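Topology and contacts: notes
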Amino acid sequence: MNGSKSSGGKPRSDTAKRVFLLSPANAGGARAKLILRDAATFDLPRGLGNGGSPLGEIFSFISGLYFRGKLAYANAFAAPPNDAPGILVITACGGLICPKTLMTREELCRISAAAVDANEPKYRLPLERDAQRLAAQIGAKCEVVLLGSIATPKYVEPLLEVFGDRLVFPAEFAGRGDMSRGGLMLRCVRDGVQLSYVPVGTGQRHGVRPPRLAKSNRKTMKEVSG
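Below: a short report on this structure. Throughout this document, residue positions are counted from 1 along each chain, in the order its sequence is written. For this predicted model, a pLDDT threshold of at least 70 governs which residues receive local features, and a threshold of 80 or more governs which side-chain atom pairs are given and counted, while totals over whole chains, interfaces and linings are taken from all residues. As a rule here, side-chain values cover all heavy atoms of the structure and leave hydrogens and water aside.

**Examining the nonpolar core**
Quick reminder of the rule: Nonpolar core, defined: a set of buried Ala, Val, Leu, Ile, Met, Phe, Trp, Tyr and Cys residues in which side-chain atoms within 4.5 Å join the residues together. The buried label goes to any residue with under 20% of its type's maximum accessible area, the exposed label to any with over 50%, and the partly exposed label to all in between, with areas taken from a 1.4 Å probe on protein chains only. In this text, helices come from DSSP runs of H or I with a minimum length of four residues, and strands from runs of E with a minimum of two, each type numbered from the N-terminal end. Contact criterion: two residues are considered in contact whenever any of their non-hydrogen atoms come within 4.5 Å of each other.
Membership of the largest hydrophobic core comes to 31 residues, with the highest contact counts inside it found for Phe20, Leu22, Leu55, Phe59, Tyr73 and Leu147. Every element with two or more residues in this core is listed here: strand S1 (18-22), helix H1 (30-36), helix H3 (55-63), helix H4 (65-77), strand S3 (87-90), helix H5 (105-111), strand S6 (143-147) and helix H8 (178-191). The greatest single-element share of this core, amounting to six residues, is contributed by H4. Excluding residues that lie within four positions of it along the chain, Phe59 makes contacts with Pro24, Ala25, Gly64, Phe67, Val89, Ile90 and Leu108. Of all hydrophobic cores here, the second largest spans 25 residues; its members include Tyr123, Ala135, Cys142 and Val200.

Right under this line is the structure:
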């Protein structure tokens, strides 16, 4: 982690403008099927069937530590310009959606009904549409931080075409698995320290797996993630 340096080695301005794009949870996995069951009785699925539940809460349940870490980190460090959204979630075929947006079961299924693949038009076209709108809102000097996989083209390819050098990712993500990334981001929130952002187009996206994170106080980390 590096709270004082940018990718070029220069001090990072505390007033830098920055928005975050979060990769989606797998809405076809076991935990997603659990909340989509009509017989489910706990609060989250009840909300899905009765007015909706926030997308961020849904994906946090489905994905667990990784999405919780991304959402907590983005909430802590987003600094959007010009009334632009500070956090948006990439979806399979619904474009970019605010994590506070209420989703019913039907809406969740609708935005998840395509493969997250750069060659899939149902995924790519809504994503490019919303990315272009965001690019117009934030201007040329705002960073767009991708919190998601940077080792494959599924997010990188369409977003890089729109944002160019403005698209960055945490250098510490290279070589880490999802659980390690989630834990790392929660620690950053706890400590009030941001990761080091590097351009997606030129940064090292692959790397040797780093050492495992030291054990942390579970209660403290749970409080950080909300």
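**A look at the sheet that holds strand S4 (residues 96-97)**
For clarity, the cut-off: Think of it this way: DSSP has to see at least two bridges between two strands before they count as a pair.
Taken in spatial order, the six strands of this open sheet run S4-S3-S1-S6-S7-S8, and their pairing is mixed. The open sheet is flanked by S4 and strand S8 (197-199), the only strands paired with a single partner. The pairing of S6 with strand S7 (residues 167-170) spans two bridges and is parallel. From the neighbouring strand, Val145 faces S7, where its bridge partner is Val168.

**Structural notes on the packing of H4 against H8**
Short version of the rule: Axis definition: a line fit to C-alpha positions, over the contact stretch in the case of helices; interaxial angles, taken between N-to-C directions, run 0 to 180 degrees. Working definition: roughly parallel below 35 degrees, roughly antiparallel above 145 degrees, roughly perpendicular at 65 to 115 degrees, and oblique for all remaining angles. Handedness of each helix crossing follows the sense of rotation of the near helix against the far helix: counterclockwise by less than a right angle gives left-handed, clockwise gives right-handed. The nonpolar class holds Ala, Val, Leu, Ile, Met, Phe, Trp, Tyr, Cys and Pro. Asp, Glu, Lys and Arg form the charged class, and all remaining residues, Gly among them, are polar.
For the pair H4 and H8, the least separation of the axes is 7 Å and the interaxial angle reads 30°. Classed by the angle they form, the pair H4 and H8 counts as roughly parallel. Judged by the sense of rotation from one axis to the other, the crossing of H4 with H8 is left-handed. Residues Leu65, Tyr66, Arg68, Gly69, Lys70, Ala72, Tyr73, Ala76 and Phe77 of H4 lie in contact with H8, whose contacting residues are Asp178, Met179, Arg181, Gly182, Gly183, Met185, Leu186, Cys188 and Val189. In terms of residue class, the contact of H4 with H8 is built from eleven nonpolar, three polar and four charged.

**Topic: H3**
Buried residues dominate H3, accounting for seven of its nine residues. Taken as a whole, H3 has its buried residues at Leu55, Gly56, Ile58, Phe59, Ser60, Phe61 and Ile62. Just downstream of H3, Gly64 is the residue with a positive phi angle, here 80°.

**Details of the packing of aromatic side chains**
Rule in force here: Note on ring pairs: Phe, Tyr and Trp rings are taken, using the six-membered ring of Trp, and paired if centres are within 6.5 Å. Classes follow the plane angle, with under 30 degrees stacked, over 60 edge-to-face and the rest tilted.
Across all of its chains, the model carries four aromatic pairs by this definition. The interplanar angle of 85° and the centroid separation of 5.8 Å between the aromatic rings of Phe20 and Tyr73 together place this pair among those described as edge-to-face. In this pair, Phe20 sits in strand S1 while Tyr73 sits in helix H4, placing the two residues 53 residues apart along the sequence. We classify Phe20 as buried; its relative accessible area is 1%. A ring pair is formed by Phe59 and Phe67, whose centres lie 5.6 Å apart and whose planes are at 85°; its orientation type is edge-to-face. Each member of the pair, Phe59 as well as Phe67, carries the same accessibility label: buried.

**A closer look at the pattern of salt bridges**
The line we're drawing: The term salt bridge refers to a side-chain nitrogen of Lys or Arg lying within 4 Å of a carboxyl oxygen of Asp or Glu.
Under the definition given, this model contains seven salt bridges. In this structure, the salt-bridge partner of Glu143 is Arg18, at a minimum N-O distance of 2.8 Å. A residue pair is termed long-range when its members are at least 10 positions apart, and Glu143 in strand S6 and Arg18 in strand S1 qualify at 125 residues. When the shortest N-O distance is used, the salt bridge between Arg124 and Glu161 registers 3.1 Å. In this pair, Arg124 sits in helix H6 (residues 121-138) while Glu161 sits in helix H7 (residues 153-163), placing the two residues 37 residues apart along the sequence. Residue Arg124 is classed as buried on the basis of its relative accessible area of 12%. With relative accessibility at 58%, the residue Glu161 sits in the exposed group.

**Concerning the environment of Ile150**
Its location among the elements puts Ile150 in the loop between S6 and H7. Owing to a relative accessible area of 1%, Ile150 belongs among the buried residues under this scheme. For the pair Ile150 and Phe169, spaced 19 residues apart in sequence, the C-alpha separation works out to 7.8 Å.

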